[in-house]
Amino acid sequence: MKLSTETFREALLEAAKQMEQHKDELTDLDREIGDGDHGINMSRGFQAVQKELEAQTEYEDLGALSKQVGMTLIKTVGGASGPLYGTAFVKFAGAFKGKTEAEGDELAAAFKEATDGIKMRGKSEFGQKTMVDIWTPFYEALEQQTDLHQALDQALTDTKERVATKGRASYFGDATVGVQDPGSLSSALLLRAIVEVLR
Ligand code: ADP
Ligand code: MG
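Residues numbered from 1 in each chain as written. Chains lettered and ligands numbered in written order. Predicted model: local features only at pLDDT ≥ 70, side-chain atom pairs only at ≥ 80, totals over all residues. Heavy atoms only, no water.

- As recorded by an unreviewed UniProt entry, the chain carries the name Dihydroxyacetone kinase and is attributed to Exiguobacterium undae.

Comments concerning the UniProt feature "domain: DhaL" (unreviewed entry) in the chain
Moving on, step 1. As annotated in UniProt, the feature "domain: DhaL" (unreviewed entry) corresponds to residues 6-196 in the numbering used here.
Moving on, step 2. Helix makes up 71% of residues 6-196 and strand 2%. Its end C-alpha atoms lie 13 Å apart. (UniProt positions renumbered as here; feature names shortened; annotations may be inferred. Helix = DSSP H or I, 4+ residues; strand = E, 2+ residues; numbered from the N terminus.)

Regarding the nonpolar core
The nonpolar side chains of a soluble globular protein tend to be buried with one another.
Moving on, step 1. In this structure, Phe 8, Phe 111, Trp 135 and Leu 190 are the most contacted members of the largest nonpolar core, which totals 60 residues.
Moving on, step 2. The element contributing the most residues to this core is helix H9 (residues 182-197), with nine residues. (Core = buried A, V, L, I, M, F, W, Y, C linked by side-chain atoms within 4.5 Å. Buried < 20%, exposed > 50% of the residue type's maximum accessible area, 1.4 Å probe, protein only.)

Re helix H1 (residues 5-21)
Moving on, step 1. Taking 1.5 Å of rise per residue, the 17 residues of H1 would be expected to cover 24 Å, and the 25 Å separating its terminal C-alpha atoms lies within 8% of that figure.
Moving on, step 2. Turning to H1, its buried residues number three or more, namely Thr 5, Thr 7, Phe 8, Arg 9, Ala 11, Leu 12, Ala 15, Ala 16, Gln 18 and Met 19.
Moving on, step 3. Of the surrounding elements, those touching the buried residues of H1 are strand E1 (2-4), helix H2 (23-33), helix H3 (38-55), helix H4 (62-76), helix H5 (81-95) and H9. (Expected span 1.5 Å × (residues − 1). Contact = heavy atoms within 4.5 Å.)

Focus: the site of ligand 1
Moving on, step 1. In the region of ligand 1, 20 residues are neighbours, and Asn 41, Ala 80, Ser 81, Ser 124 and Asp 181 sit closest.
Moving on, step 2. Between ligand 1 and the protein, one listed contact pairs a nitrogen atom with a side-chain N or O atom of Ser 124 at 2.7 Å.
Moving on, step 3. A distance of 3.1 Å separates an oxygen atom of ligand 1 from a polar side-chain atom of Arg 168.
Moving on, step 4. Look at ligand 1: alone it shows 560 Å² of surface, and the protein chains cover 92% of it.
Moving on, step 5. Looking at the shell around ligand 1, the elements that each hand over two or more residues are H3, H5 and H9.
Moving on, step 6. Per-element tally for the shell around ligand 1: the top contributor is H9, with three residues.
Moving on, step 7. Tallied by class, the residues present in the shell around ligand 1 amount to four nonpolar, ten polar and six charged. (Near = heavy atom within 4 Å. Polar contact = N/O pair within 3.5 Å; in protein donor to acceptor, adjacent residues only side chain to side chain. Areas by Shrake-Rupley, 256 points an atom, 1.4 Å probe, with all protein chains shown as cover. Nonpolar A, V, L, I, M, F, W, Y, C, P; charged D, E, K, R; others polar.)

Structure, rendered in structure tokens:
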């Protein structure tokens, strides 16, 4: 399970495509248990990322690529999710500094650091029906070398049934049970695109 600078770039381009394809779905979910801007936020951010990745095809290492993506997401996404995704990539930049490839424990550690960054920035924990519910089982599956697609599918199923206790969705209380958290879906789209390029 190896991630290289070139395949990470490919995965991010695929993630941008996925955000466009799911833009309306993300916005509809956020309309139900939020303020209806998540699809628009993610689209704006990943369109900007796509533009940069198309303009620059070669990156020095995984760190340089992650740093540029993090800064772009912070600048363009907006909402609560902008700084959260931005922080995840800034943490990747630290973990991947000077590396053109990452695998095994090193790769798992980078995803744990990114998740810890999201939790710190959002003052959130696993189980509150946020994107943390997706990122946490994902890095655990990387650590334990279990099936990553299955981990993401299970995580999405589990978080859907939870009550939101963090972020804007928490104002909707019990009405959030049975509705997918938009940030969990966008995170699953991003992480699935990354799984696709691991080999
Ligand atoms: P906003 O909530 O400001 O409108 P978005 O709609 O873009 O921002 O993003 C909402 C998503 O961000 C939620 O679905 C959730 O997954 C995630 N989120 C919100 N607050 C937090 C937090 N404190 N910690 C982790 N994730 C959060
Ligand atoms: Mg919103």
